[in-house]
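# Coordinate inspection notes
The lines below spell out each chain.
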Amino acid sequence: MRIRTIAALLLILALALPLGGCASAEAKKQSAVGFYLDTVITLTAYVEDVSVLTDALEECGRYEALLSRTLEGSDVWKLNHAQGQPVQVSKDTLTILEAARAISERTGGAFDITIAPASTLWDFTSGAKQLPDAQALEAAAALIDYTKVEVDGDRVTLPEGMMIDLGGIAKGYIADAVKAYLVNRGVESAILSFGGNIVAIGQKPDGSPWKVGIQDIDRPTGEYMLVAKNFGGSTVTSGIYERGFELDGVYYHHILSTETGWPVENELASVTIFSENSMEGDALATAAFALGTEQGAALIEGLDGVEAVFIARDRAVTYTSGAGAYMQE
C-alpha cells in the first residue's frame with residue numbers, strides 16, 4: 001500500500017477543500033475518517049447528514065474484508081492459501097483481476113499483482129532496515145507471472161507457491177466504488193482521500209476545481225512541490241518517499257521490479273496520474289514509475305483521458321502532453 005501519515009493526509013485535504021463560494025443552506029462541509037487497507041481514509045463532502053459519509057466508510061470495511069492480503073478469510077487470503085486449488089471469489093475481485101491483467105499486458109508486466117512472493121520478503125514499515133535474503137528473493141521473483149492466474153467463471157486458481165497482492169490497484173477500485181456510492185446517495189460536491197489516491201465528486205461549490213498537493217520529494221511529509229487541479233476525477237501519486245529505508249548509504253523503497261524483486265532503479269522519485277478511473281490510475285502510477293520517464297510517458301500518451309507528471313530524483317519535472325491542464329500555475 002502507498003501509506004501516508006495522518007499529517008500528510010490532513011495537509012492534502014486542506015489543499016483540496018473549497019477556498020471560496022458557498023453551498024446550499026442545507027448542505028454543509030462535513031468529514032468522516034477511517035483506517036482501512038493500512039491507509040487513513042478521509043471523506044469530505046457537502047451533505048446535510050454526515051451519516052452518508054460514515055455509511056461510505058462502512059463500504060470501505062466491506063471491501064477490505066474481500067481484498068486485503070493479510071486479513072484471514074478475504075478472497076486474496078483464500079487464493080494465497082489455496083495451494084493451487086481453485087477458489088470462488090466475489091464479482092469485485094473478478095473485476096479487479098480482469099483490470100489488473102489488462103494493465104499488466106499493456107505495460108509488459110511492469111505492473112503485476114503476483115509480486116507478492118517478493119514483496120512479502122521486504123519490511124518497509126517496522127524500521128528494522130534489513131534486506132531480504134538474496135537467494136530467497138531471486139526464487140520469489142521467479143514466481144512473478146500474471147499470465148499464470150487462471151480465471152474460470154467465478155473461480156480463480158493460482159499455481160502453488162504463487163501469491164497475489166492487490167495493494168497496487170485495490171485502493172483505486174475502492175475509491176471509485178465509494179465515489180459511486182456517494183453519488184448514488186445524492187452527493188454532488190466532495191473530495192475523497194485514500195492516501196495516495198485523491199478522488200473528487202464534482203467541483204467546489206463555487207464551481208472551481210479542487211486543489212491537490214503533490215509531495216515535495218526532498219521535504220518532510222506534507223510539504224508539496226506542485227499543486228494540481230482536480231475537476232471531479234482521480235489524482236494518484238506513487239513515490240519512493242512513501243515507504244523505504246536507508247542502509248549503508250543506499251535507499252531501498254517499496255516500488256519493486258517485477259523482474260528482480262528489488263526496488264526499481266531509475267531516475268524517478270514520483271509519478272502522478274490524472275484520470276477519471278482511480279483503479280486505472282492506481283496501477284498506472286506503479287507501472288509508469290517502473291518503466292521510467294521516457295517509456296512511462298510513452299505509455300500514458302497512448303491512453304485516452306490519462307495524463308501524468310513525472311518528478312525525477314534531481315527534481316526535474318516532465319509532463320505528458322495534456323498534463324499542463326491539471327497543474328496550478
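The paragraphs below set out a description of the structure included in this document. Just so it is clear, the structure is predicted and the values come from calculations on it, not from any experiment.

Our focus in this paragraph is the environment of Gly-168. If you trace the backbone, Gly-168 turns up in the loop between strand E5 (155-157) and helix H7 (170-184). On the accessibility criterion, Gly-168 (18% relative accessible area) is buried. Residues Gly-168 and Ser-238, 70 residues apart in the sequence, show an inter-C-alpha distance of 9.6 Å.

Time to look at the environment of Ala-308. Counting through the fold element by element, Ala-308 comes out in strand E14 (residues 307-312). Sequence spacing of Ala-308 and Gly-261 is 47 residues, and the spatial spacing of their C-alpha atoms is 25 Å. When near neighbours in sequence (up to four residues on either side) are disregarded, Ala-308 contacts Thr-272, Ile-273, Phe-274, Ile-300, Thr-318, Tyr-319, Thr-320 and Ala-323.

The next point concerns the packing of helix H2 (residues 51-67) against H7. Interaxial distance between H2 and H7 falls to 10 Å at its minimum, and their mutual angle equals 145°. Where H2 crosses over H7, the handedness of that crossing is right-handed. Along its contact with H2, which presents Val-52, Leu-53, Asp-55, Ala-56, Glu-59, Cys-60, Tyr-63 and Leu-67, the element H7 presents Ala-170, Tyr-173, Ile-174, Ala-177, Val-178, Tyr-181 and Leu-182. For the contact of H2 with H7, the per-class residue count stands at 13 nonpolar, no polar and two charged.

Now for helix H6 (residues 134-141). When we look at burial in H6, the residues that qualify are Leu-137, Ala-140 and Ala-141. Taken down its axis, H6 places every buried residue within 100° of arc, on the same side. Away from its buried face by more than 90 degrees, H6 exposes Gln-135 and Glu-138. Buried residues in H6 make contact with helix H5 (116-119). Between a side-chain oxygen at the N-terminus of H6 and the backbone nitrogen of Gln-135 the separation is 3.1 Å; the capping residue is Asp-133.

Let's shift gears to the pairing of strand E13 (residues 268-275). Summarising burial for E13: eight of the eight residues are buried, a large majority. Of the pairings in the sheet, the one linking strand E10 (residues 234-239) to E13 comprises six bridges and is antiparallel in character. When the bridges of E13 are listed, Gly-239 appears paired with Ser-270. Sheet topology note: the E13/E14 ladder contains six bridges and is antiparallel. Bridging across to E14, Val-271 finds its partner in Phe-310.

In spatial order, the strands read E3-E5-E4; together these three strands make up an open sheet with antiparallel pairing. Bordering the open sheet on either side are strand E3 (87-88) and strand E4 (150-152), each of which pairs with just one other strand. As judged from the two bridges shared by E3 and E5, these two strands associate in the antiparallel manner. Across the sheet, Gln-88 pairs through a bridge with Arg-155, a residue of E5.

In contact at an axis separation of 10 Å, helix H4 (residues 91-106) and helix H8 (residues 278-301) are set at 5° when each is read in the N-to-C sense. Taken together, H4 and H8 sit at an angle that is classed as roughly parallel. Here Ile-96, Ala-99, Ile-103 and Arg-106 of H4 lie close against H8, whose contacting residues are Met-279, Glu-280, Ala-283, Leu-284 and Leu-299. Grouping the constituent residues of the contact of H4 with H8 by class yields seven nonpolar, no polar and two charged.

Calculation criteria
Throughout this document, residue positions are counted from 1 along each chain, in the order its sequence is written. Local features in this predicted model are restricted to residues whose pLDDT is 70 or higher, and side-chain atom pairs enter the listing and the counts only when it is 80 or higher, whereas totals over whole chains, interfaces and linings include all residues. Hydrogens are left out, water is left out, and the side-chain values use all remaining heavy atoms of the structure. Numbered from the N terminus, helices here are DSSP runs of H or I no shorter than four residues, and strands are runs of E no shorter than two. For every residue, the accessible area obtained with a 1.4 Å probe (protein chains only) is divided by the maximum for its type, and the residue is called buried under 20%, exposed over 50%, and partly exposed between those limits. Here, residues are in contact when the closest pair of their heavy atoms is within 4.5 Å. Here, axes are lines fitted to C-alpha atoms. For helices the fit covers the stretch in contact, and angles between N-to-C directions go from 0 to 180 degrees. The hand of a helix crossing depends on one turn: near helix anticlockwise from the far one by less than a right angle means left-handed, and clockwise means right-handed. Here the term charged refers only to Asp, Glu, Lys and Arg, the term nonpolar to Ala, Val, Leu, Ile, Met, Phe, Trp, Tyr, Cys and Pro, and the term polar to all other amino acids, Gly among them. The arc refers to the directions leading from the helix axis to the C-beta atoms. N or O atoms closer than or at 3.5 Å make up a polar contact, with two conditions inside protein: a donor-capable atom paired with an acceptor-capable one, and, for residues adjacent in sequence, both atoms drawn from side chains. A pair of strands is considered paired only if DSSP assigns at least 2 bridges between the two. The labels follow the angle: roughly parallel below 35 degrees, roughly antiparallel above 145, roughly perpendicular from 65 to 115, and oblique for the rest.

Worth remembering: the numbers are spatial, not functional.
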